[in-house]
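Secondary and tertiary structure notes
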Amino acid sequence: MALPSEVLWNRDPHTEAKHAMLAEYLKAWFPIMASSWASTGITYVDAFAGPGEYTDGGWGSPVIALRAATAPGVSGHETELRMVFIEERADRLDHLTGLIERCQLSSHRTKLTTVNARCQESLLPVLEAAGAWGGPMFVNLDGWGVDTPYAIVERVGKNRSSEVLVTVQTQWFTRFASLDDVTAGDLVFGSTDWRAVADLPTESKKSFLVSHYLARLADAGFPHTLTFEMVDEGGHELLLVFGTTSSLGVDKMKNAMWSVDKVNGQRFRDPRDVNQLSFEVVNNNPDLTLLRRQIMDLLDGGERSLAALKDHALLQTVFKKTHVDPAVRQLADEGRVERTSAKSHEGVVVRLAPVALF
Ligand SMILES: C[S@@+](CC[C@H](N)C(=O)[O-])C[C@H]1O[C@@H](n2cnc3c(N)ncnc32)[C@H](O)[C@@H]1O
């Protein structure tokens, strides 16, 4: 992928979908956090900030975050809202700061820190200087490739109630598949275990690397993760990885993901799925093929309560809890699973239907 050299560039459909999702998520994150963390304040970080807008007129992520931070449901709280924007290109950072001033995007409650530097070296000291540690933070790591050192993710993971959203251009991730860039891989994964990828068949490499990265996020202090891949009409791929300490965070991010059905032409994938089945994100009558397969795989290991299937869907798949009922109903209608009856809906147990012998 050729990287843009101008100050502003055109926003591709992935980025538009990612921005729709980020706006939806931050609309929930800022009011929830601001209402409970007045004593410490909260911090939004854009470690690869960009210029704040695109040539097609779309807002960049720092502006999306500022708009969410200054919305009425947030500004009513006493909580300090630290907004940290790091950008290595001075001309892009100048554009962003000019835009914030011109459009009066900050308020008396927002404490703005803008830094012209590489985030790899500057992020941790900048957060120290901003007094961010000890209060929750949302760290948007939206670089061109996959260059976020594990040490940064690990430090954020040690901080209370913090979250990371890492953007990965899938084609950059594949440079690790054949150990082409061992130094970068060791830095991103924070260990050498990922090098086991070299011995795997081609079709398993991506799902291994993604699963391994999720496991490393869990090691870093993010027990809950959500990952999905967006694929546009030209076949370009963008992988998003979200890490949080809260299952509510996963729920909100998933709702945000499923809200991007308004952005046309995007298909989604679970990058851990070796079959790479893609589906549209539509709230009305969604394609549940992948979830049905995931439920069948789980039931292969033994029966599960409906409640357990819903928790599994929330925390281990790209689907929402509400998708489980229709998926199980479809499987039962096809005679592939059976459900026990129970007094409460949640007490229902689901198991594989016995195989017909004749
Ligand atoms: C994909 S764009 C980010 C766009 C922005 N987050 C948004 O959604 O509107 C990546 C930006 O990071 C900047 N950048 C690249 N490497 C960087 C680094 N190591 N540290 C900080 N900024 C960097 C680039 O100049 C570019 O503006």
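Up top is the structure.
Quick caveat: nothing in here was measured; it's all calculated off a predicted structure.

Rules of the game
Residues numbered from 1 in each chain as written. Predicted model: local features only at pLDDT ≥ 70, side-chain atom pairs only at ≥ 80, totals over all residues. Heavy atoms only, no water. Helix = DSSP H or I, 4+ residues; strand = E, 2+ residues; numbered from the N terminus. Rg over C-alpha atoms; globule rule 2.2 N^0.38 Å. Buried < 20%, exposed > 50% of the residue type's maximum accessible area, 1.4 Å probe, protein only. Areas by Shrake-Rupley, 256 points an atom, 1.4 Å probe, with all protein chains shown as cover. Pairing = 2+ DSSP bridges. Near = heavy atom within 4 Å. Polar contact = N/O pair within 3.5 Å; in protein donor to acceptor, adjacent residues only side chain to side chain. Nonpolar A, V, L, I, M, F, W, Y, C, P; charged D, E, K, R; others polar. Phe/Tyr/Trp six-rings, centres within 6.5 Å; stacked < 30°, edge-to-face > 60°. Lys NZ or Arg CZ within 6 Å of the ring centre and 35° of its normal. Salt bridge = Lys/Arg side-chain N within 4 Å of Asp/Glu carboxyl O. Arc of directions from axis to C-beta. Contact = heavy atoms within 4.5 Å. Axes fitted to C-alpha atoms, helices over the stretch in contact; angles between N-to-C directions.

This brings us to the overall build of the chain. Tallying secondary structure elements over the chain gives 13 helices and twelve strands in all. The C-alpha radius of gyration of the chain comes to 21 Å, within 12% of the 21 Å expected for a compact globule of 358 residues. Seen along its three principal axes, the alpha-carbon backbone of the chain occupies a region of about 75 × 50 × 40 Å. Among the 358 residues that make up the chain, the fraction classed as buried is 50%. Here the chain displays about 15600 Å² of accessible surface, and carbon together with sulfur accounts for 50% of that area.

Sheet analysis places strand β10 (residues 304-305) next to strand β12 (residues 349-352), joined by two bridges and oriented antiparallel. Residue pairing across strands places S305 opposite V349, the latter belonging to β12. Note: strand β11 (residues 337-339) against β12, three bridges, orientation antiparallel. Note that in β12 the partner of R339 across the bridge is V350.

The next thing to look at is the site of the ligand. Lining the immediate surroundings of the ligand are 20 residues, of which Y54, E87, R92, Q120 and D142 lie closest. One of the side-chain N or O atoms of R92 is found 2.8 Å from an oxygen atom in the ligand. Here a nitrogen atom of the ligand sits 2.9 Å away from a polar atom, N or O, in the main chain of C119. Along the lines of polarity and charge, the residues of the shell around the ligand split into eight nonpolar, five polar and seven charged.

Turning next to the packing of aromatic side chains. Here the structure, examined in full by the defined rule, presents 17 aromatic pairs. Arranged with centres 5.8 Å apart and planes meeting at 70 degrees, the rings of F176 and F189 form a pair that is edge-to-face. Of the two residues, F176 is situated in the loop between α7 (170-173) and α8 (182-189) and F189 in helix α8; the sequence distance between them amounts to 13 residues. F189 matches F176 in its accessibility class, with the two residues each being buried. Looking at R155, its charged tip hangs above the ring of W133, at a distance of 3.8 Å from the centre. Above the plane of the ring of Y150 lies R216, whose end atom (NZ or CZ) is 4.2 Å from the centre.

Another aspect to go through is the pattern of salt bridges. A full pass over the atoms with the stated rule returns 20 salt bridges. Of the charged contacts, one joins R195 and D186 as a salt bridge, the two residues approaching to 2.4 Å between their closest N and O atoms. In this structure, K206 and E229 form a salt bridge, with 3.0 Å as the shortest nitrogen-oxygen distance. Of this pair, K206 sits in helix α9 (residues 202-219) while E229 sits in strand β6 (residues 224-231), placing them 23 residues apart in sequence. Residue E229 is classed as buried on the basis of its relative accessible area, which comes to 0%. One connected set of salt bridges, linked through shared partners, spans K206, E229, E237 and R269.

One turn of the α-helix equals 3.6 residues, which is why residues spaced by three or four share an orientation. Every buried residue belonging to helix α6 (residues 150-158) is among Y150, I152, V153, V156 and G157, and all of these are buried. Summarising the axial view, the buried residues of α6 lie within an arc of 160 degrees, below the 170-degree limit, and thus occupy one face. Of the surrounding secondary structure, the elements contacted by the buried residues of α6 are α5 (119-129), β4 (137-141), β5 (163-169), α8 and α9.

Moving on to the sheet that holds β11. An order of β10-β12-β11 is seen for the three strands of this open sheet, with the pairing classed as antiparallel. The sheet is open, and its two borders are formed by β10 and β11, each paired with just one other strand. Strand contacts of helix α13 (residues 324-333): β11 and β12, with the helix running at about 115 degrees to β11, the strand carrying the most contacts.

Turning our attention to unusual backbone geometry. Despite not being glycine, Q104 shows a phi value in the positive range, around 45 degrees. Here Q276, not a glycine, exhibits a phi torsion of approximately 55 degrees, which is positive.

Read these as geometric descriptors, not functional statements.
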